[in-house]
Amino acid sequence: MSQGWKITVIVLAAAGVVSTPLVWLLDGPDAGQLAGASIQAAVGIAALVWALFQHPSPASPTDRTSQTGKASGGGVTGIRRPGGRGRGSATAERTGEASGENSVSGIDYSN
């Protein structure tokens with residue numbers, strides 16, 4: 001879980017623990033409202049504890065290539081990431097020649 005998502009879950013859980021149960025309890029609750037407030041607070045606390053124990057996601061992979069060969073007729077000398085998929089960094093150095101239609105030298109993000 002990324003740090004941003006972890007903070008989001010913690011903030012929402014804290015809001016869930018405090019918000020509605022507090023409003024219900026200040027207005028002289030009946031048994032049903034008291035049970036609902038207890039359940040909502042318990043769920044919020046469970047989400048809070050779950051978020052606190054999540055480990056950060058591992059680092060994204062790194063794609064790296066250098067001194068590649070020659071591409072012709074639609075080939076790629078380097079790295080292909082169709083549609084921009086992939087999260088880590090991509091580095092292509094001293095890629096080979098690309099000749100012919102749809103040939104790419106470097107990093108290809110096209111579909």
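Since we're looking at a predicted model, the values are computed, not measured.

Some points on the overall build of the chain
Tallying secondary structure elements over the chain gives two helices and six strands in all. A globule of 111 residues ought to have a C-alpha radius of gyration of about 13 Å, yet the chain, at 26 Å, is considerably larger. Projected onto the principal axes, the alpha-carbon positions of the chain cover approximately 80 × 25 × 15 Å. A burial count over the chain gives 19% of its 111 residues as buried. Of the contacts formed within the chain by residues at least 6 apart in sequence, a portion of 66% connects residues at least 24 apart. For the chain, the accessible area works out to roughly 7600 Å², and carbon and sulfur atoms hold 59% of it. If you average the places of the 8 positive and of the 7 negative side-chain charges in the chain, the two averages end up 11 Å apart.

Quick look at a nonpolar patch on the surface
Nonpolar side chains collect at one region of the surface, where Ile45, Val49, Leu52 and Phe53 lie side by side and expose about 410 Å² of accessible area between them. Looking at where Phe53 falls in the secondary structure, it is placed in the loop between helix H2 (31–52) and strand E1 (63–66). A relative accessible area of 64% means that Phe53 is categorised as exposed.

Focus: H2
Compared with the 32 Å implied by 1.5 Å per residue over 22 residues, the 32 Å span of H2 between its first and last C-alpha is a close match. Among all positions in H2, only Ala37, Ala41, Gly44 and Ala51 are buried. Seen along its axis, H2 keeps its buried residues to an arc of 90 degrees; they face one direction. Exposed and facing more than 90 degrees away from the buried side of H2 are Ala31, Gly32, Ile39 and Val43. A side-chain oxygen of the first residue of H2 lies 3.2 Å from the backbone nitrogen of Gly32; this N-cap is Asp30.

Remarks on unusual backbone geometry
The residue Gln67 is not glycine, and still its phi comes out positive at about 50 degrees. Along the chain, Gln67 falls in the loop between E1 and strand E2 (71–72). Judged by its relative accessible area of 58%, Gln67 is exposed. Notably, Arg94 is not glycine yet its phi reads approximately 45 degrees, a positive angle. Among the secondary structure elements, Arg94 is positioned in the loop between strand E4 (90–93) and strand E5 (98–99).

Thoughts on the environment of Ala15
Here Ala15 lies in helix H1 (residues 3–26). For Ala15, a relative accessible area of 39% translates into the label partly exposed. Sequence-wise, Ala15 and Asp108 are 93 residues apart; in three dimensions their C-alpha atoms are separated by 44 Å.

Rules used in this analysis
- Once a new chain begins, its residue numbering starts again from 1 and follows that chain's sequence as written.
- Residues qualify for local features only when their pLDDT is at least 70, as the model is predicted, and side-chain atom pairs are given and counted only at 80 or more; totals for whole chains, interfaces and linings, by contrast, use all residues.
- Hydrogens and water molecules were not included; the side-chain quantities draw on all heavy atoms of the structure.
- By definition, any uninterrupted DSSP run of H or I lasting at least four residues is a helix, any uninterrupted run of E lasting at least two residues is a strand, and each is numbered from the N terminus.
- With C-alpha atoms as the basis for the radius of gyration, the globule rule is written as 2.2 Å multiplied by the number of residues raised to the power 0.38.
- Whether a residue is buried, partly exposed or exposed follows from its accessible area with a 1.4 Å probe, protein chains only, as a fraction of its type maximum: under 20%, in between, or over 50%, in that order.
- Any two residues whose heavy atoms approach within 4.5 Å at even a single point are treated as in contact.
- Accessible areas in this description were obtained via Shrake-Rupley with a 1.4 Å probe; residue shielding takes into account the shown protein chains only.
- Counted as positive: Lys and Arg. Counted as negative: Asp and Glu, with His and the chain ends omitted from the count.
- For charged residues, the charge sits on one atom: NZ in Lys, CZ in Arg, CG in Asp, CD in Glu.
- Nonpolar side chains (Val, Leu, Ile, Met, Phe, Trp, Tyr) are joined into patches within 5 Å and like charges within 9 Å, using only residues with over 30% relative accessible area and no salt bridge.
- What makes a salt bridge here is a side-chain nitrogen of Lys or Arg within 4 Å of a carboxyl oxygen of Asp or Glu, nothing more.
- Expected helix span is computed as 1.5 Å times (number of residues minus one).
- This arc describes the spread of directions from the helix axis toward the C-beta atoms.
- Here a polar contact is recorded for every N or O atom pair within 3.5 Å, except that within protein the pair must consist of a potential hydrogen donor and a potential acceptor, and residues adjacent in sequence are included only if both atoms are side-chain atoms.

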